[in-house]
Amino acid sequence: MPLKEAHRLLIALQDLDIMIKEAKDKSTSKELESLGFKLTGLEELQDARSKLAKKISPTVLQRYKKLTGRYTMAILPVTGDLCLGCFVKLPTSFFSSINRDLLQTCENCGRLLYIP
Ligand SMILES: [Zn+2]
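Summary of the structure given here.

About the cut-offs
- Residues numbered from 1 in each chain as written.
- Predicted model: local features only at pLDDT ≥ 70, side-chain atom pairs only at ≥ 80, totals over all residues.
- Helix = DSSP H or I, 4+ residues; strand = E, 2+ residues; numbered from the N terminus.
- Core = buried A, V, L, I, M, F, W, Y, C linked by C-beta atoms within 7 Å.
- Buried ≥ 20, exposed ≤ 12 C-beta atoms within 10 Å, placed from the backbone.
- Contact = placed C-beta atoms within 7 Å.
- Pairing = 2+ DSSP bridges.
- Axes fitted to C-alpha atoms, helices over the stretch in contact; angles between N-to-C directions.
- Parallel < 35°, antiparallel > 145°, perpendicular 65-115°, else oblique.
- Left-handed = near helix turned anticlockwise from the far one by under 90°.
- Nonpolar A, V, L, I, M, F, W, Y, C, P; charged D, E, K, R; others polar.

1. Re the overall build of the protein chain
Broken down by element type, the protein chain carries four helices and four strands. Ordering the α and β elements of the protein chain from the N terminus gives α-α-α-α-β-β-β-β. The principal-axis extent of the C-alpha atoms belonging to the protein chain is close to 45 × 30 × 25 Å.

2. Observations concerning the nonpolar core
Taken as a class, soluble globular proteins show a tendency for nonpolar side chains to be buried jointly. If you look at the biggest cluster of nonpolar residues, it comprises 10 residues: Leu10, Leu13, Leu67, Ala74, Ile75, Leu76, Cys83, Leu112, Leu113 and Tyr114. When residues of this core are traced back to their parent elements, those giving at least two are α1 (5-24), β1 (75-79) and β4 (112-114). Top contributing element to this core by residue count: β4, with three residues. When near neighbours in sequence (up to four residues on either side) are disregarded, Cys83 contacts Val78, Val88, Leu90, Cys106, Asn108, Cys109, Arg111 and Leu113.

3. Digging into the sheet that holds strand β2 (residues 82-83)
With mixed pairing, four strands are arranged side by side in an open sheet as β2-β1-β4-β3. What marks the edges here is a single partner per strand, and that holds for β2 and β3 (104-105). Bridging between β1 and β4 involves three bridges; their strand directions are parallel. Paired with Ile75 across the bridge in β4 is Leu112.

4. Structural notes on unusual backbone geometry
One non-glycine residue, Phe87, lies in positive phi territory at about 60 degrees. With respect to the secondary-structure elements, Phe87 resides in the loop between β2 and β3. Residue classification places Phe87 among the exposed positions, given that 10 C-beta atoms sit within 10 Å.

5. Quick notes on the packing of α1 against helix α3 (residues 42-54)
Orientation of α1 relative to α3, taken along the N-to-C sense of each, is 155 degrees, at an axis distance of 10 Å. As far as their axial angle goes, α3 and α1 are roughly antiparallel. For the pair α1 and α3, the crossing hand works out as left-handed. Residues Leu9, Ala12, Leu13, Leu16, Asp17, Met19, Ile20, Ala23 and Lys24 of α1 lie in contact with α3, whose contacting residues are Leu42, Leu45, Gln46, Ala48, Arg49, Leu52 and Ala53. Its residues placed into classes, the contact of α1 with α3 shows 12 nonpolar, one polar and three charged.

Below is the structure:
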């Protein structure tokens, strides 16, 4: 089953945030430049980010913001039956047909989780 749009938007937002962070980090961009990569278009990235953020519900965005203050990855896929953020085993209710398509929260670390 394809991921819901809400999940995909949030994952894309996280990817953009990581790219923006790297583009802003001078040591990373120098390192990448020396390897032959150029990190240009920070403005374009930020523009894309603000457009994307408008499509995400404010409540989810608020949660995401709080989590990124604490963790690098605020939203993670579930592998097996573990939260990849804190490696705690998730309850079976997590995988029930009602819940499996929802954006869920790890009860231990609070990260947002989705089943890929
Ligand atoms: Zn967790």
